[in-house]
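The primary structure of each chain is shown beneath.
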Amino acid sequence: DGLLYFKVLIQIVQPNTRTTIANINHKLESLDSMMVKVDYNVKQFNEQVQVLVDALAAAGETPHNLVQHLWKGYRACADKSFLDYIKRRHQDWNHGMDITPKQLMMEAEEEYQSLVDDQVWLEPSAEEKQISALVAQLQELNSRMKD
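Position numbers for residues start from 1 in each chain and track the written sequence from start to end. Where local features are concerned, this predicted model is filtered to residues with pLDDT of at least 70; where side-chain atom pairs are given and counted, the filter is 80 or more; whole-chain, interface and lining totals use all residues. Where side-chain values are given, they derive from all heavy atoms of the structure, hydrogens and water being excluded.

**Student:** Report on the overall build of the chain, specifying residues and quantitative values.
**Tutor:** Counting from the N terminus, the helices are the DSSP runs of H or I reaching at least four residues and the strands are the DSSP runs of E reaching at least two. The secondary structure content of the chain amounts to seven helices and zero strands. Ordered by position from the N terminus, the helices and strands of the chain form the series α-α-α-α-α-α-α. Exposure is judged per residue with a 1.4 Å probe applied to protein chains only, and the accessible area is read against the type maximum: over 50% gives exposed, under 20% gives buried, and values in between give partly exposed. The buried share of the chain, taken over its 147 residues, is 27%. Residue contacts follow a heavy-atom distance rule, with two residues in contact if any of their heavy atoms lie within 4.5 Å. Looking at the chain alone, contacts between residues at least 24 apart form 66% of all its contacts between residues at least 6 apart. Per-residue and other accessible areas were derived by the Shrake-Rupley procedure at a 1.4 Å probe size, with only the shown protein chains allowed to occlude residues. About 10200 Å² of surface is accessible on the chain, with carbon and sulfur atoms providing 53% of the total.

Written out as structure tokens, the structure is:
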């Protein structure tokens, strides 16, 4: 009686665990979408990644290609200074520098926090400011011409 119950329980739990693991892995493969969903907040992004990694560990699994997935997520960020930093670190990694996922996450968060502290996070570039100014001038000219 107890053995049969245990067998049925295992049959129910095992597919859910596989599905859960597959879903977590899919989320890790889509870190670029996650970065957009957290509105480019690298700290929140890292926290969510860590939750996924911990969930895999709880199921007895480890993430595959996490560093590559992190690069993908960080490259989806909208801050130009942060992207420049990530590109430099990615080049270092491509040229053989060993960077663990934990180290990459820590360094990315430090860079993010530095930019936030300096109040330059998501600040438009000089070119973007110039384009905005030109668009505003065009709109003003258009409104004058209509009057």
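**Student:** An account of the packing of helix 5 (residues 80-94) against helix 6 (residues 101-117) is requested, with residue identities and associated values reported.
**Tutor:** An axis is simply a line fitted to the C-alpha atoms; with a helix, the fit covers only the stretch in contact. Between two such axes, the angle follows the N-to-C directions and lies from 0 to 180 degrees. Two elements in contact, helix 5 and helix 6, have axes whose closest approach is 10 Å; the angle formed by their N-to-C orientations is 150°. Looking at the two axes, helix 5 sits roughly antiparallel to helix 6. As helix 5 runs across helix 6, the sense of the crossing is right-handed. Only Gln103, Glu107, Ala108, Glu111, Tyr112 and Leu115 of helix 6 make contact with helix 5, whose side of the interface consists of Ser81, Phe82, Tyr85, Ile86 and Arg89. In the scheme used here, Gly and all other residues not listed as nonpolar or charged are polar, with Ala, Val, Leu, Ile, Met, Phe, Trp, Tyr, Cys and Pro taken as nonpolar and Asp, Glu, Lys and Arg as charged. In the contact of helix 5 with helix 6, the residues fall into six nonpolar, two polar and three charged. Just so you know how the angles are binned, under 35 degrees is roughly parallel, over 145 roughly antiparallel, 65 to 115 roughly perpendicular, and the rest oblique. Should the near helix be turned anticlockwise from the far one by less than a right angle, the crossing is left-handed, and should it be turned clockwise, the crossing is right-handed.

**Student:** Lay out unusual backbone geometry with the relevant residues and their values.
**Tutor:** For aspartate 39, which is not glycine, the phi dihedral falls at a positive 60°. If you trace the backbone, aspartate 39 turns up in the loop between helix 2 (31-37) and helix 3 (42-58). Judged by its relative accessible area of 55%, aspartate 39 is exposed. A positive phi angle, near 60°, is found at asparagine 65, a position not held by glycine. With respect to the helices, strands and loops of the structure, asparagine 65 is situated in the loop between helix 3 and helix 4 (66-75).

Note that every value here comes from positions in space, so none of it alone points to a role or purpose.
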